[in-house]
Structure formats: structure tokens, C-alpha cells
Amino acid sequence: MSAPPGDASRHVVVVGGGRLARALCDSLAAIPTPVRLRVTVLARDPGAADRLARGAQVRATVTGTAVGFTARPFTPSTTDPGAGYAADAASMARLRPDVLVCAASAQSPYERTHAPSAWTELVTAAGFGVTLALQAELVSRLAAALAAGAPDASLVNAAFPDAVNPLLAAAGRPVLCGIGNVATLAACLDAALGGPGPRRLAVLGHHAHLAAPDPAATDDTAEVRAWLDGREVPDVTTLLAGYRALPRPELNALAGHAGAAVVAALAAGVDEVVANLPGPLGLPGGYPVRLRDGRAELRLPAGVDVAHASAWNTAAGRRDGVEVDDGHVRYPERARAALAAYRPDLAGGWHAGELPEVFARFTALRDHLRTVPPAPARARSVWEEARCP
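Colleague: What am I meant to see in the sheet that holds strand β9 (residues 231-232) here?
Modeller: Pairing between sheet strands relies on hydrogen bonds along the backbone, with the strands arranged either parallel or antiparallel. The strand order β7-β8-β9 describes an open sheet built from three strands, whose pairing is antiparallel. At either margin of the open sheet sits one strand with a lone partner, and together these are β7 (201-204) and β9. The pairing of β7 with strand β8 (residues 225-228) spans four bridges and is antiparallel. Residue pairing across strands places Leu204 opposite Arg225, the latter belonging to β8.

Colleague: I keep staring at the side chain of Arg244 and nothing clicks. Help me out?
Modeller: Position of Arg244 relative to the elements: it lies in helix α9 (residues 236-244). The exposure class assigned to Arg244 is buried, which follows from its relative accessible area of 14%. When sequence neighbours within four positions are dropped, the list of residues in contact with Arg244 reads Leu185, His209, Leu210, Ala211, Ala212, Pro213, Glu223, Val224 and Thr237.

Colleague: Help me out: how do you make sense of the packing of helix α6 (residues 132-149) against helix α14 (residues 355-369) in this one?
Modeller: Two packed helices can be described by the angle between their axes and the distance between those axes. Close contact between α6 and α14 brings their axes to 9 Å; oriented N to C, the two are set at 130°. Between α6 and α14, the crossing angle belongs to the class labelled oblique. Considering the relative orientation of α6 and α14, their crossing is left-handed. Across from Ala133, Leu134, Ala136, Glu137 and Ser140 in α6, the residues of α14 making contact are Leu355, Val358, Phe359, Phe362, Thr363 and Arg366.

Colleague: In this structure, what is going on with the sheet that holds strand β2 (residues 37-43)? I would like to understand it.
Modeller: Across the sheet, which stays open at both edges, the six strands sit in the order β3-β2-β1-β4-β5-β6 with parallel pairing between neighbours. The sheet terminates laterally at β3 (67-73) and β6 (177-178), the two strands that pair on one side only. With six bridges connecting them, strand β1 (residues 10-15) and β2 associate as parallel partners. Across the sheet, residue His11 finds its bridge partner in β2, namely Arg38. The sheet contacts of helix α2 (residues 46-63) involve β2 and β3, and relative to β3 the element is tilted by about 175°.

Colleague: Is there a simple way to explain unusual backbone geometry in this structure?
Modeller: Negative phi is the rule for most residues except glycine; trans is the rule for most peptide bonds. Even without a glycine there, the phi angle at Phe160 is positive, about 45°. In this structure, Phe160 sits in the loop between β5 (154-157) and α7 (161-170). The exposure class of Phe160 is buried, given its relative accessible area of 4%. Positive phi outside glycine occurs at Asp235, with the angle close to 50°. Along the chain, Asp235 falls in the loop between β9 and α9.

Colleague: Quick question: what am I supposed to make of the packing of aromatic side chains here?
Modeller: Here the distance between the centres and the angle between the planes together describe a pair of aromatic rings. Counted by the stated rule, this structure contains one aromatic pair. Note on Phe128 and Phe160: the rings are 5.1 Å apart at their centroids and 70° apart in plane angle, and the pair reads as edge-to-face. Pair noted here: Phe128 is in the loop between α5 (118-126) and α6 and Phe160 is in the loop between β5 and α7, with a separation of 32 residues, a long-range link. Of the two residues, Phe128 and Phe160, neither departs from the other in class, the shared state being buried. The ring of Tyr110 has Arg19 lying over it, and the distance from NZ or CZ to the ring centre is 4.2 Å.

Colleague: Honestly, the pattern of salt bridges in this entry has me stumped. Any pointers?
Modeller: When their charged atoms lie close together, side chains carrying opposite charge are able to pair. Inspection of the entire model under this criterion finds 21 salt bridges. When the shortest N-O distance is used, the salt bridge between Asp98 and Arg10 registers 3.6 Å. Of this pair, Asp98 sits in the loop between α3 (81-95) and β4 (99-102) while Arg10 sits in strand β1; the two residues are 88 residues apart in sequence, bridging distant segments of the chain. Pair check on accessibility: Asp98 and Arg10 agree, each one buried. Measuring nitrogen to oxygen at the nearest pair gives 3.9 Å for the salt bridge that ties Arg330 to Asp325. You can call Asp325 partly exposed: its relative accessible area is 40%. Linked by salt bridges that have partners in common, Arg199, Glu272, Arg290, Arg292 and Glu297 make up one network.

Parameters and conventions
- Residues numbered from 1 in each chain as written.
- Predicted model: local features only at pLDDT ≥ 70, side-chain atom pairs only at ≥ 80, totals over all residues.
- Heavy atoms only, no water.
- Pairing = 2+ DSSP bridges.
- Helix = DSSP H or I, 4+ residues; strand = E, 2+ residues; numbered from the N terminus.
- Buried < 20%, exposed > 50% of the residue type's maximum accessible area, 1.4 Å probe, protein only.
- Contact = heavy atoms within 4.5 Å.
- Axes fitted to C-alpha atoms, helices over the stretch in contact; angles between N-to-C directions.
- Parallel < 35°, antiparallel > 145°, perpendicular 65-115°, else oblique.
- Left-handed = near helix turned anticlockwise from the far one by under 90°.
- Phe/Tyr/Trp six-rings, centres within 6.5 Å; stacked < 30°, edge-to-face > 60°.
- Lys NZ or Arg CZ within 6 Å of the ring centre and 35° of its normal.
- Salt bridge = Lys/Arg side-chain N within 4 Å of Asp/Glu carboxyl O.

Following this line, the structure appears as C-alpha cells:
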């Protein structure tokens, strides 16, 4: 698809210059594939893209893998959406990726640590889901650009795919699946169980499950569900405890490594990729899946149908403070109340078709609240700290 005549290589485009993009590229550099991979890193910061690509290239050289890395600046238009989409589509047509990975968004999950403000306090109070529009805008633009400029490419989204992918699907934006979140949890469970592998391990899980469940929670969506050879795995919380205790940057690195295995297999054109991934088929949360011929299908355990699995993930996602149903974004009471204190017009929810306008409103709110210092330091419980993305 992407390679010129006579070139058997396959092309992966990674959008992002942050920690996840770096972890993804570093792992792509070390994964042997049956065909040569060309990886182009696109980032708004040309220096970050160059550093990322150079570091990954050294790793590929040392490992001896057939992967080549280059970097390019990426400056999508935000002042003129129409012109921006056209320019992005032309860029995708020139790049002709086989797989495009969006590993960037307008909102960093690490802002609360690096730059606390009234904005980060709002995110903590409402839940990570309140940032949905900020997570979705860039990948929505990329999806539109791919559809117009490189329609045969597969889009893999790492920006909150548990909620963003359903939003994209409702807006008619093609996305194959996500990486991270349930994929990270499944990789940790796989290691804890002795490495049975994804063909034997099926996992239902949401971004909200990256943190341990509230010990007081009693509903069946509080914790990941996993099946090994069709039998449900008991005491998942204990199996995951040591991995959840890792610092979030280390979990992010694991997410990049697990994601790289999927991306490399997709790019290499293997017949079938079996994994546990977020956001396949535009569904909320994460599922056991099979990818082939550019399409995803679920491989749910016996007794669990699509309707039940989707409803389960939707309920689990309310812990993140957001719910996406048929393109409608709704906030549970906790998130609605926190948001209503600043923007009652947003607290009532919105539709996928309103994303550009809602993105602008959330950006304005965030920019204002970033100028307001956080409230005086106060004690936080261990659980509350863990729930912060």
C-alpha cells in the first residue's frame, strides 16, 4: 500500500513526541519482522521528533532489526479547520502509511504532576473523562485525513481509545483499534500467569481499571475480568497489584511495548493478530480481539455476548467520569457537578458532531483555569492519588 514499486518495506507513521511515542518507537526498533519497516515520527516539536527517531534508530542498529526511523515536523492547522483537514489529507497522501498510530493529544495525563492548577483539580474531581474532547480532536483530524488521503491505512489510536474510539465511530471516522489500557493490563496478567499468551487469555477491561478498584466497590465492573482457556481467572486484583504499584511512566513504557507488538504485526501484514485491545469496532472499553484484513472482530469467551461486554465496559467507564453512547457524550453526576461549576453548557453533555466547537470551549476553559493556582495542599487518600491519570 504505502511502498513505491519495487520497495517491499511497509510504512508506520507515529504521531507524537512524548513518552508513549518514545516507548512505542523504542520497542518497534527491537521487534524482528519479516519485512522492512519504515517508521516516520511526526511531532509538533521537530526537536522532539528528531531525538525520538535518532534514539530509536540506534536501538534498531544495535539490535540488528530491519527498521528505519525518520522524523518530520507536524503542524496541523487549528485556526482554519477546513484548510487544516485538506492539508492533513495531502500530507497523508504523500506519506502513504500502512499503519498510522496517534500517540498524542491536546491534553497530557501528567499535567497534574508537572503543572498543578485549578484545571488539574477539575480533572481530578470530575474524572479523566472530562478531557475527552481534548483527547479526541487530533485523532479525529487524523482519521479524516486518512480517509481522504490514505484510505487503505489502518488507524491505531492511543489517545484514550476507550472513549475516543466510540466517538470517532459515531462521527464516521474510521479507526481500527486502540493500544494501551486493557492491552497493558492484559500483558501484566499474562506475565503474572506465567505467559500463556493472548490466544489463551481473554480480557475485558477499561482505562478506569489501570488503578486498583475502590475496596468498598461491590459491583462487577469494579475490576478487570479475565479468562484463561475459557475459564474465568480468580483474584485478578492480587495478580495485578504489583504491576499497578509501578510508577505511571513505567506502566506507560509497558503500554508502548505491548502496542509495538500489535503495530509491528499489522504493518508486516501478518494474516492474523490476536490481542486484547481498547476501542475495537468503535466499542467502549477493551476486549479480546482478532485483527485480520484490516478489520477487527471480537473473540469473547463463551457466555459473554457483545451487548453484555459493551454494557459492562460502559458502566466501568463511568468511574472515569464519562459515557459515550451512540455518539452522545454524557457525564455521571460527579463529573457533571464538577463541570457545571464552570461550564453548565458543557455539563449537560454533547454529541460527536459538535466536537470542534466543544474542543474550543474546553480549550478556553482549560486555558483560563491554568492561570488559577490550585487550592491549598490537602491530604489525599492513596486511592484518590491512584485514580488520577
